[in-house]
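Architecture at a glance
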Amino acid sequence: MSLSRTGTIEGEFAGLTPLRFSPPVEARFETEGLSERIRLAQATLFAAIFLYDIFLLADWMILPDVLGPLAVMRLGVFTPLTLLMIWILPRRTRTWQVDGLLVGGCFLSVLMPSTIISFSASHYVATYQLGSMLIIFYMVLVQRVRFRMAVIGMALIVLTQISTVARRPEVDAPTFWYIVVFYLIAAAIILLGSFVLERTERYGFLQRLRVESMIERNAEMARTDQLTGLFNRHHLATIGADLIPKRDTQSLGALLIDIDHFKRFNDTQGHLAGDRCIRTVSDLVREMLVPANENKPPVGTAVRFGGEEFLVLLPGMDAAQAAALGEAIRRRVEGVGIPHPGLGPNAVVTLSIGVADWKKGHTELDTLVNAADAALYQAKNLGRNRVAVA
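Residues numbered from 1 in each chain as written. Predicted model: local features only at pLDDT ≥ 70, side-chain atom pairs only at ≥ 80, totals over all residues. Heavy atoms only, no water.

The name given to the protein in an unreviewed UniProt entry is diguanylate cyclase, and the organism recorded there is Methylorubrum extorquens. Listed under Catalytic activity (unreviewed entry) in UniProt, the entry text for the protein is "2 GTP = 3',3'-c-di-GMP + 2 diphosphate". (UniProt positions renumbered as here; feature names shortened; annotations may be inferred.)

A short note on the domain arrangement of the protein
The domain boundaries assigned to the protein delineate domain 1 (5-216) and domain 2 (233-389). Put simply, the middle of domain 1 and the middle of domain 2, counted by C-alpha atoms, are 64 Å apart. (Domains from an automatic or database assignment.)

Digging into the packing of aromatic side chains
Throughout the structure, instances matching the rule amount to 11 aromatic pairs. Summarising the aromatic geometry, the rings of Phe182 and Tyr183 are spaced 5.8 Å apart at their centres and angled 75 degrees between planes, so their arrangement reads as edge-to-face. Given a relative accessible area of 33%, Phe182 falls into the partly exposed group. An aromatic cluster of at least three residues, connected via ring pairs, comprises Phe21, Phe29 and Phe205. Over the face of the ring belonging to Tyr52 we find Arg74, whose NZ or CZ atom lies 4.5 Å from the ring centre. Lying over the aromatic face of Tyr377, Lys380 brings its terminal NZ or CZ to 5.6 Å of the ring centre. (Phe/Tyr/Trp six-rings, centres within 6.5 Å; stacked < 30°, edge-to-face > 60°. Buried < 20%, exposed > 50% of the residue type's maximum accessible area, 1.4 Å probe, protein only. Lys NZ or Arg CZ within 6 Å of the ring centre and 35° of its normal.)

Regarding the sheet that holds strand β4 (residues 351-357)
Strands sit in the order β2-β3-β1-β4-β5 across an open sheet of 5 strands; the sheet is mixed. Single-partner strands in this sheet number two, and they are β2 (301-304) and β5 (387-389). This sheet shows a mean twist of 20 degrees between the axes of neighbouring strands, independent of strand direction. Helix-sheet contacts for helix α14 (residues 319-336) involve β1 (252-259), β3 (309-315), β4 and β5, and the interaxial angle to β4 is about 165 degrees. Contacts between helix α15 (residues 365-381) and the sheet are confined to β1, β3, β4 and β5, with β4 contributing the most and set at about 140 degrees to the helix. (Pairing = 2+ DSSP bridges. Helix = DSSP H or I, 4+ residues; strand = E, 2+ residues; numbered from the N terminus. Axes fitted to C-alpha atoms, helices over the stretch in contact; angles between N-to-C directions. Contact = heavy atoms within 4.5 Å.)

Some details on the layout of surface pockets
Estimated volume of the largest pocket: approximately 630 Å³. Along the walls of the largest pocket sit 32 residues, with Ala48, Tyr52, Phe78, Ser109 and Ile135 positioned nearest its centre. At the level of secondary structure, the elements contributing two or more residues to the lining of the largest pocket comprise α3 (34-54), α5 (67-88), α6 (95-117), α7 (125-129) and α8 (132-142). Broken down by element, the lining of the largest pocket gets its largest block of residues, 10 residues, from α6. (1 Å grid on protein atoms, 1.4 Å probe; cavity = no way out; pocket = protein on both sides within 12 Å on 5 of 7 lines; lining within 4 Å. Points joined across faces, edges and corners; volume = space filled by probe spheres on them.)

Side note on a nonpolar patch on the surface
Together, Phe50, Leu51, Ile54, Leu57, Trp60 and Met61 give the surface a local cluster of nonpolar side chains, amounting to about 710 Å² of exposed area. Going through the elements one at a time, α3 and α4 (56-62) are the ones with two or more residues in the nonpolar patch. The topology assignment puts Trp60 in helix α4. The exposure class assigned to Trp60 is exposed, which follows from its relative accessible area of 56%. (Patch = residues over 30% accessible without salt bridge, like charges linked within 9 Å, V, L, I, M, F, W, Y side chains within 5 Å. Areas by Shrake-Rupley, 256 points an atom, 1.4 Å probe, with all protein chains shown as cover. Salt bridge = Lys/Arg side-chain N within 4 Å of Asp/Glu carboxyl O.)

Things to note about the UniProt feature "transmembrane region" (unreviewed entry) in the protein
Per the UniProt entry, the sites bearing "transmembrane region" (unreviewed entry) are residues 43-63, 69-89, 101-119, 125-142, 149-169 and 175-197 in this numbering. Helix makes up 90% of residues 43-63 and strand 0%, with an end-to-end C-alpha separation of 30 Å. Its end C-alpha atoms 33 Å apart, residues 175-197 is made of 100% helix and 0% strand.

Section: the nonpolar core
One recurring pattern in soluble globular proteins is that nonpolar side chains are buried together. Counting 50 residues, the largest nonpolar core has Leu45, Leu63, Leu70, Met73, Leu89, Val145 and Met154 as its most contacted members. Of all the secondary-structure elements, those providing two or more residues to this core are α3, α5, α6, α7, α8, α9 (147-166) and α10 (173-223). With 9 residues, the top contributor of residues to this core is α6. Setting aside anything within four residues of it in sequence, one finds Met154 in contact with Ile136, Met139, Val140, Ala187, Ile190 and Leu191. (Core = buried A, V, L, I, M, F, W, Y, C linked by side-chain atoms within 4.5 Å.)

As for empty space enclosed by the protein
For the coordinates displayed, the defined rule picks out 1 cavity of 30 Å³ or more. Of the voids in this model, the largest cavity is the one considered here, and its volume is about 50 Å³. What lines the largest cavity is simply Val140, Arg144, Val145, Arg146, Ser194, Leu197, Glu198 and Glu201. Counting residues per element, the lining of the largest cavity draws most heavily on α10, at 4 residues. Class assignment for the residues of the lining of the largest cavity results in 3 nonpolar, 1 polar and 4 charged. (Nonpolar A, V, L, I, M, F, W, Y, C, P; charged D, E, K, R; others polar.)

Things to note about the pairing of β2
Because side chains alternate across β2, one face comprises the buried residues Thr301 and Val303, and the other comprises Ala302 and Arg304, equally buried. Hairpin connection between β2 and β3: a loop of 4 residues separates the two successive antiparallel strands.

Some points on the packing of α6 against α8
Each pair of packed helices gets described by two things: the angle between the helix axes and the distance between those axes. Where α6 meets α8, the axes come as close as 10 Å, and the angle between the chain directions of the two elements is 175 degrees. With respect to their mutual orientation, α6 and α8 come out roughly antiparallel. Contacts from Val103, Cys106, Ser109 and Val110 of α6 reach α8 at Ser132, Ile135, Tyr138 and Met139. (Parallel < 35°, antiparallel > 145°, perpendicular 65-115°, else oblique.)

As structure tokens, then:
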């Protein structure tokens, strides 16, 4: 997807605070880098399995009475489920699907031990529950799930922790409320970090789009005539070699188009009116190159060749076919009836067109252009407002 308008991109900076761009930019933001993010998520999940199972040492030290169920949960449930998640992740195509899996996995990694330790007689349960903060840090700082998903995951984990502690008889009221305040403040700080991380990522993304847009705009300006929007001669030099027929059976036609008596038009109507005339003619030439089936590409490449001259290169056309198109263009411009007061009260702008095609033995595009130029002079010498074939 091309996002080539700098002004459009500048407007997207307003979407940084709500963490939401316009739909096309948001779609690109969500899809770019998704495969790399999935790859990193898989790698860090392998590390998470190892670290989560190593926590059995803490289970053994402070919760020995439920060590068996915790070991079954870690080794027999969590580890296989996480391996399944690693297998599923590459098959997800949306960021929210990836984040949903990761948040769901983090929530289960807290819910399962919290359920088991509710049956423990240990007095260290409240202390043990603080270990869930490690999972929260992993979810937000390592996996870096999107802020909205982080809010959901954080709410589920904190509510699980508080409800588990609330059921412990050894936890008195002051301790309970201290734990509640601790979790709420910690959650707020971590979510603030999640917001800053995503906002920074989005800002960097827009900065990159801004640079891409500037590069694209500069490239477009380098290849495009600013008055007409047609290609310029600089771009013609770039693409010319690609248009040259590679086999004798291939053909290439050329039209060299000149606006008749344009100097007199400029002298009588002024240069601004002259610019409008050139722009109108170029639009009509471009229009005539569009096939009836708009799903197909243009039949030729139009270039502003000089002040009031246009070159049209027509791959696949011989001289007769090119001349037919040239005549259609000439009639179209004359039929529009652009007034040319310098030639008389009822005079209109007309075109002289020289036609040539690629001949056996030609090696350079300049040879074809020179032939079309000679034909153009022939058309002028014959009285203008006509098509001449080399």
